[in-house]
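Coordinate analysis (summary)
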Amino acid sequence: MSKSSAAKKSIIVGGLIGTGGLFVSKLIGLAYTIPFSYILQSEAYQSVYAQSYNIYAYLLTIFQSGVPFAVATLVARYIALEDAKSVILVKKIAFAILGLTGFVGMILLFTLSNVIAPAMVAKNADIMANCLKILSLAIFLVPVLSAFRGYYQGLKEMEEYAFSQAFEQVFRVAFLLSAACLVVYAFGWDKKYALYAAVMSTSVATIAAIAQFAYFDRVVDEMVQRQTTRSHSAKKIFREILILAIPYLVVAILGNIDQVFNGFLLPTGLKMHYNAEDTTTVISASNYVAGKLNAIPMILGPGFATAIIPHISEALSKKNYKLVKKNVLDSINVVLYVAIPVSFCIFAYAGPLNYTLYYSENLELCTFVVQWMALEGFLSTLAPLVTNLMVSLELRKNVLKNLAIGVLIKGVLLIPFVWIMGIAGAVISSFIGTGYIIYKNLKEIQDVYHISYRKTSIIVVCILIGLFALWITSILLSKVGLYGVEGSKLSCLFKMCLNGLLSVIVY
C-alpha cells in the first residue's frame, strides 16, 4: 500500500473511531434515562433536569467552541513540521484560554441562576436554580477536558480520544444511578436530591476523565530534547488559535441557539397555551424523552459523515472538484439513509416508547409531543451536516448569514406559533427557520460547485416509499395486537420490538 493510500485510510479510520466513541457515549446516555426516570417518577423533575442541561450546553458552547478544533489543527501542523516545542506551547496556551473562559462561565451561570430559573420551568424554580449552580462547576471543568481532547486529536491518538468519551460517560452514568439510588432508597431523602446528584455527575465524571488523560499523557519529550530550533512565540500561537477558533465559535453559537430558545422562549409560549401541569409534561417530553430518542439519528447521521468531510478539504487543496462533488453527495446521502428512517420510527412508535421506557403522567400528551419532536430531530440531524459542509467548502461568510437569518425567523415565530398551536407550533417554526438554513446552504453549494441533487432526490423518494410500506405494516400489526400502551410494560416492550422488527423487514 502506498503512503498516500495509507494516509487516506488512516483519515477514514480515525474519523470512524472518533465517531464510534461519541456514539457509544450517546447510546449510554440514552440507556440510563430509562431507570433514572423511574427513580425520579416525576415529570416536573424530568423537566428541570432536561432544561438545566439546555442552558448548560449552550453556555458550554460559548465558552469552549472553536478552541479544541484550533488546538487539534495547530498540534497536527507543528507535529508535521517536527516543532515539538511549539506543540507543547499550544497545549499550555489552550489550557490557559479554556481554563480562563471556563472560570468566567462558571461565575456567570452561578450568579445568574436565581434570575433565569423562573423563566425556564413552570414550577420548581428553586430546584432549577440549585441545579444550575451545581452545573456551573462543570462549565469550568469541561473546557479543560476539551483542551486535552483537542491535543490528542491533533496527535491523531483517536483511540484515546474515543476511549475518553466512552470512559467519561460510563463513569458519569455509574455515579448518577448509584448516587440517585442511594439517596432515594437507602437514605429515604426527597427525590430532588437524586436530581442534584444527577447534575453533579457531570463534574465528577469530567474530573475522572481529566485524571485518565493525565495518566495516559504522552508528551513528545524526545522530540523536544532533539529539537535545536526555538519554538514560535506565545503571542503568535495565541493569535493563530483565535484566528482558527472564532469562525467556528460563531457558527456553533448560531447553530445551537435552539438550546436557548427551548430554555426560555419555548416555556413562555407553552405557558400561554397549556395549563401548568401540561406545560411541565410538554417540557419534560420534548427535552428529556424526545431529546434522548432524537440523539440516535443526530449522532449516527453526522457521525458517519464526519469521516467523509476531511476528504473534501483534501480534494479542494488539489482542486479536484469532481471528488468534492462526490464527497458532498456521499455525506448528504449517508445522513438521509439513516436519519429519515430512524426519525420516522421514533414518530411511529412514540406511544410504546413512552409507555415502556419512560415515566409518564399523561401518556397521550407525551406521545403527541414526541411525535412532533421526531420531525424536529430529523432537521437537527441534517442542518449541522449542511453547515459543516459549507464551512469545509470555504463558504463561511454565507453560512453565517444564512444561520443568522434562520435563527431570526425561528426566534420571531416561536412564541406566537406555540401560543396558537402548542408544541406543534414550535416544530413548525423550526421547519421554517431551519428549513431556510438548509435550503439556502444547499443552494449555495449547488451554485458554487455545480452539484446536482438528482440522485439524492431519487434516494429520498425510494426511502419514503419504503417508509410508507413500513407504516402500513406497523398499523396492520397493531390491529392484531402487536402494539401496547397498557398493562405489563415488559409485554408491551416485546410487542413493540416484534412489530418494529417485522415492519423494518418490509421496509
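How each quantity is defined
- Residues numbered from 1 in each chain as written.
- Predicted model: local features only at pLDDT ≥ 70, side-chain atom pairs only at ≥ 80, totals over all residues.
- Heavy atoms only, no water.
- Helix = DSSP H or I, 4+ residues; strand = E, 2+ residues; numbered from the N terminus.
- Buried < 20%, exposed > 50% of the residue type's maximum accessible area, 1.4 Å probe, protein only.
- Contact = heavy atoms within 4.5 Å.
- Areas by Shrake-Rupley, 256 points an atom, 1.4 Å probe, with all protein chains shown as cover.
- Salt bridge = Lys/Arg side-chain N within 4 Å of Asp/Glu carboxyl O.
- Polar contact = N/O pair within 3.5 Å; in protein donor to acceptor, adjacent residues only side chain to side chain.

What follows covers the overall build of the chain. What the chain contains, in helices and strands, is 19 helices and 0 strands. Counting the 507 residues in the chain, one finds 52% classified as buried. Long-range pairs, those at least 24 residues apart, make up 84% of the contacts in the chain with a sequence separation of at least 6. For the chain, the computed accessible surface area is about 22400 Å², with 68% contributed by carbon and sulfur atoms.

The next thing to look at is the environment of Ile-241. Residue position: Ile-241 is located in helix H9 (residues 234-255). Judged by relative accessible area, Ile-241 falls into the buried class, the value being 0%. Put simply, Ile-241 and Val-67 are 174 residues apart on the chain and 6.7 Å apart in space, counted from C-alpha to C-alpha. With near-sequence residues (within four places) excluded, Ile-241 lies in contact with Val-67, Ala-70, Leu-74, Val-90, Ile-93 and Ile-97.

Moving on: the pattern of salt bridges. In the structure shown here, the tally under the stated rule is 2 salt bridges. Residues Lys-326 and Asp-330 are paired through a salt bridge, measuring 2.8 Å at the closest nitrogen-oxygen approach. Of this pair, Lys-326 and Asp-330 both sit in helix H13 (residues 321-348), 4 residues apart, which is roughly one turn of that helix. Two residues, Lys-443 and Asp-447, come together in a salt bridge whose shortest N-O distance is 3.1 Å. Of this pair, Lys-443 and Asp-447 both sit in helix H17 (residues 423-449), 4 residues apart, roughly one helical turn. Taking relative accessible area as the criterion, Asp-447 reaches 43% and is therefore assigned partly exposed.

Now for the environment of Leu-375. Within the fold, Leu-375 resides in helix H15 (residues 363-392). Sequence separation between Leu-375 and Phe-347 is 28 residues, and the spatial gap between their C-alpha atoms is 7.6 Å. Not counting residues up to four positions away in its chain, the partners in contact with Leu-375 are Val-427 and Phe-431.

Moving on to the side chain of Gln-46. As for its position among the elements, Gln-46 is in helix H2 (residues 43-64). Take Gln-46: its relative accessible area is 1%, and that puts it in the buried class. Polar side-chain contacts of Gln-46 include one of 2.8 Å to the side chain of Ser-284. Apart from the residues lying within four places of it in its own chain, the contact partners of Gln-46 are Ser-37, Leu-40, Ser-284, Tyr-288 and Tyr-359.

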